[in-house]
Amino acid sequence: MVTGGAGFIGSNFVHHLLTHTDARVTVLDKLTYAANKDALTPLLGDRLELVVGDVADRALVERLVGEHDAVVHFAAESHNDNSLRDPEPFIATNILGTFALLEAVRAAGTRFHHVSTDEVYGDLELDDPERFTEETAYRPSSPYSASKAASDHLVRAWVRSFGVQATLSNCSNNYGPWQHVEKFIPRQITNLIEGRRPRLYGAGQNVRDWIHVDDHSAAVWQILNEGRIGETYLIGADGERNNLDVVRALLAHFGRAEDDFDHVVDRAGHDLRYAIDATKLRTELGWRPQHGDFAEGLARTVDWYRANQQWWGPLKAATEAAYAARGQ
Ligand code: NAD
Ligand code: TDX
């Protein structure tokens, strides 16, 4: 059972399972504004079922969990900017939804994998020689990252107090197909396709540690199968880049001048830098990223957005109108 399996990473994970394993999958997804039903529709059939529902619906979750041998939990409200505007759905889905799932897997004795983010660790200085590890103290900055931190704490407590068979992973920034146009890389790619200028928050010095979504999927599957119960694994592919460099790479790719972008209002509480040390995942489970060439991955992602404008086109206008209202 894959919660949030119609979202960006969840749908790529489902695709990964159907392509590389013989798993049979049920997706539980509320189909919020962030869901990509089109990503699943061609795959529905003997090996994939979609149940439309809320992870915080205790009765539904209890029934579904009982019918499955493992749960991989992606469902979340995922966008920091939205959490600054209205935190409430982040509390409802990320915290109460995780609680509902934990109670169900506790009752049924079902294996559980919790998908989380490096943002729970707060941010690093640009020149800090240390990166995040599994031992780094929690210091979330935004309502989104605080809600994910809360969900991680619940999972750890349910392991220790109730013996729930769970693992956790905290991954860095993903990119790839089916990512909503509200997020940084797809927003800039689709701006460029539509002839608009990219939009950079602040000076663009903030660093994110990019990983291709397929590398995240492979890591989650490996942790589900080989990870030690109760353990947390950080997932990252040594992909640190500042936002200005990413915008410049995209401008060059589209043959536009390197200063052909706008500086816009910065995000409140904007985390400066995320960076993952994935040594534990690499040494304990032997995981290696297969898509570590960022320039190549970005070029393939641009091609994908060029070929799939019928999907993102209708989302784009509403997303940009919401950003414009905030001067972003
Ligand atoms: P997304 O916003 O693209 O997708 C989230 C999915 O969850 C959507 O399909 C949505 O309909 C579904 N959903 C939301 N609320 C729900 C509810 N109450 N019940 C059932 N389904 C619900 O998010 P994403 O970027 O694919 O992120 C997936 C997970 O990975 C999240 O837990 C996120 O915290 C984590 N994560 C994301 C990144 C990243 O770079 N995007 C990095 C690390 C971790
Ligand atoms: O238009 C923009 N301009 C800009 O400069 C947008 C949308 C973002 N940014 C900046 C803010 C961040 O420094 O780009 C960086 C990335 O922004 P987002 O795509 O919003 O990602 P981030 O806030 O880093 O969080 C992402 O990675 C961790 C996901 O959205 C989270 O779900 C995940 O946990």
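- Under an unreviewed UniProt entry, the name given to the protein is dTDP-glucose 4,6-dehydratase, and the organism recorded is Nocardioides dubius.
- Of the comments in the UniProt record for the protein, the one headed Sequence similarities (unreviewed entry) reads "Belongs to the NAD(P)-dependent epimerase/dehydratase family. dTDP-glucose dehydratase subfamily."
- Here is the UniProt Catalytic activity (unreviewed entry) comment for the protein, exactly as written: "dTDP-alpha-D-glucose = dTDP-4-dehydro-6-deoxy-alpha-D-glucose + H2O".

**Topic: the overall build of the protein**
Part 1 of the argument: Secondary structure summary: the protein contains twelve helices and 13 strands in total.
Part 2 of the argument: Its C-alpha atoms give the protein a radius of gyration of 19 Å, near enough to 20 Å, the size a compact globule of 328 residues would have.
Part 3 of the argument: For the C-alpha atoms alone, the extent of the protein along its principal axes is close to 55 × 45 × 35 Å.
Part 4 of the argument: Burial statistics for the protein: of 328 residues in total, 47% are counted as buried.
Part 5 of the argument: The contacts of the protein with a sequence gap of at least 6 include a subset with a gap of at least 24, amounting to 80%.

**Things to note about the site of ligand 2**
Part 1 of the argument: Looking at ligand 2, there are 16 residues lining it, with Ser78, Thr117, Phe184, Tyr201 and Asn206 nearest.
Part 2 of the argument: Of all the elements in the fold, those that place two or more residues in the shell around ligand 2 are α7 (184–193) and β8 (199–201).
Part 3 of the argument: No other element matches β8, which puts three residues into the shell around ligand 2.
Part 4 of the argument: Its residues placed into classes, the shell around ligand 2 shows three nonpolar, seven polar and six charged.

**Concerning the pairing of strand β4 (residues 70–73)**
Part 1 of the argument: Note: strand β1 (residues 2–3) against β4, two bridges, orientation parallel. Residue threonine 3 lies in a different strand from β4, and its bridge partner there is histidine 73.
Part 2 of the argument: By the bridge criterion, four bridges tie β4 to strand β5 (residues 111–117) in an arrangement that is parallel. Across the sheet, residue alanine 70 finds its bridge partner in β5, namely arginine 111.

**Some remarks on the site of ligand 1**
Part 1 of the argument: Close contacts around ligand 1 come from 32 residues, with Gly4, Gly7, Phe8, Ala34 and Ala76 the closest.
Part 2 of the argument: Those elements that place two or more of their residues in the shell around ligand 1 are α1 (8–20), β2 (25–29), α5 (88–108) and β5.
Part 3 of the argument: For the shell around ligand 1, the per-class residue count stands at 14 nonpolar, 13 polar and five charged.

**What about the nonpolar core?**
Part 1 of the argument: By size, the foremost hydrophobic cluster in this structure holds 80 residues, and its most contacted members are Val2, Val14, Val27, Phe74, Leu101, Val105 and Ile235.
Part 2 of the argument: Leave out the neighbours within four places in its chain, and leucine 101 touches Thr3, Val55, Val61, Val71 and His73.

**Comments concerning the sheet that holds strand β11 (residues 232–235)**
Part 1 of the argument: Taken in spatial order, the seven strands line up as β3-β2-β1-β4-β5-β6-β11 in an open sheet, and their pairing is parallel. Of all the strands in the sheet, the pair left with one neighbour each is β3 (48–52) and β11.
Part 2 of the argument: As judged from the two bridges shared by β1 and β2, these two strands associate in the parallel manner. Note on β2: the bridge partner recorded for threonine 3 is leucine 28.
Part 3 of the argument: Contacts from helix α8 (residues 213–226) reach β4, β5, β6 (166–171) and β11, with the element oriented near 160° to β6.

**A few points about the environment of aspartate 81**
Part 1 of the argument: Take aspartate 81: it is sitting in helix α4 (residues 80–85).
Part 2 of the argument: Accessibility expressed as a C-beta count within 10 Å gives 17 for aspartate 81, which makes it partly exposed.
Part 3 of the argument: C-alpha of aspartate 81 to C-alpha of alanine 150: the two residues are 69 residues apart in sequence and 19 Å apart in space.

**A word on the UniProt feature "domain: NAD(P)-binding" (unreviewed entry) in the protein**
Part 1 of the argument: According to UniProt, the feature "domain: NAD(P)-binding" (unreviewed entry) maps to residues 1–298 in the numbering used here.
Part 2 of the argument: What you have in residues 1–298 is 40% helix and 16% strand, and the ends, taken at the C-alpha atoms, are 30 Å apart.

**A word on the environment of leucine 18**
Part 1 of the argument: Structurally, leucine 18 can be placed in helix α1.
Part 2 of the argument: Considered as a pair, leucine 18 and leucine 43 are 25 residues apart in the sequence and their alpha carbons are 8.3 Å apart.
Part 3 of the argument: Sequence-distant contacts of leucine 18, that is, excluding residues within four places in its chain, are made with Leu43, Arg47 and Leu48.

**Observations concerning α1**
Part 1 of the argument: Over its 13 residues, α1 extends 18 Å from the first C-alpha to the last, a length consistent with the 18 Å expected when each residue adds 1.5 Å.
Part 2 of the argument: Those residues of α1 that sit buried are Phe8, Ile9, Gly10, Ser11, Asn12, Phe13, Val14, His15 and Leu17.
Part 3 of the argument: The secondary structure elements touched by the buried residues of α1 are β1, β2, α2 (37–40), β3, β7 (174–175) and α8.

**Observations concerning unusual backbone geometry**
Part 1 of the argument: You will see that tryptophan 178, though not glycine, has its phi angle at about 70°, which is positive.
Part 2 of the argument: As for its placement among the helices and strands, tryptophan 178 is situated in the loop between β7 and α7.
Part 3 of the argument: Given 24 C-beta atoms within a 10 Å radius, tryptophan 178 is considered buried.
Part 4 of the argument: Positive phi outside glycine occurs at aspartate 238, with the angle close to 55°.
Part 5 of the argument: Tracing the chain through its elements places aspartate 238 in the loop between β11 and β12 (240–242).
Part 6 of the argument: For aspartate 238, a count of 16 C-beta atoms within 10 Å gives the class partly exposed.

Here is what the cut-offs are and how they apply
- Residues numbered from 1 in each chain as written.
- Chains lettered and ligands numbered in written order.
- Predicted model: local features only at pLDDT ≥ 70, side-chain atom pairs only at ≥ 80, totals over all residues.
- UniProt positions renumbered as here; feature names shortened; annotations may be inferred.
- Helix = DSSP H or I, 4+ residues; strand = E, 2+ residues; numbered from the N terminus.
- Rg over C-alpha atoms; globule rule 2.2 N^0.38 Å.
- Buried ≥ 20, exposed ≤ 12 C-beta atoms within 10 Å, placed from the backbone.
- Contact = placed C-beta atoms within 7 Å.
- Near = placed C-beta within 6 Å.
- Nonpolar A, V, L, I, M, F, W, Y, C, P; charged D, E, K, R; others polar.
- Pairing = 2+ DSSP bridges.
- Core = buried A, V, L, I, M, F, W, Y, C linked by C-beta atoms within 7 Å.
- Axes fitted to C-alpha atoms, helices over the stretch in contact; angles between N-to-C directions.
- Expected span 1.5 Å × (residues − 1).

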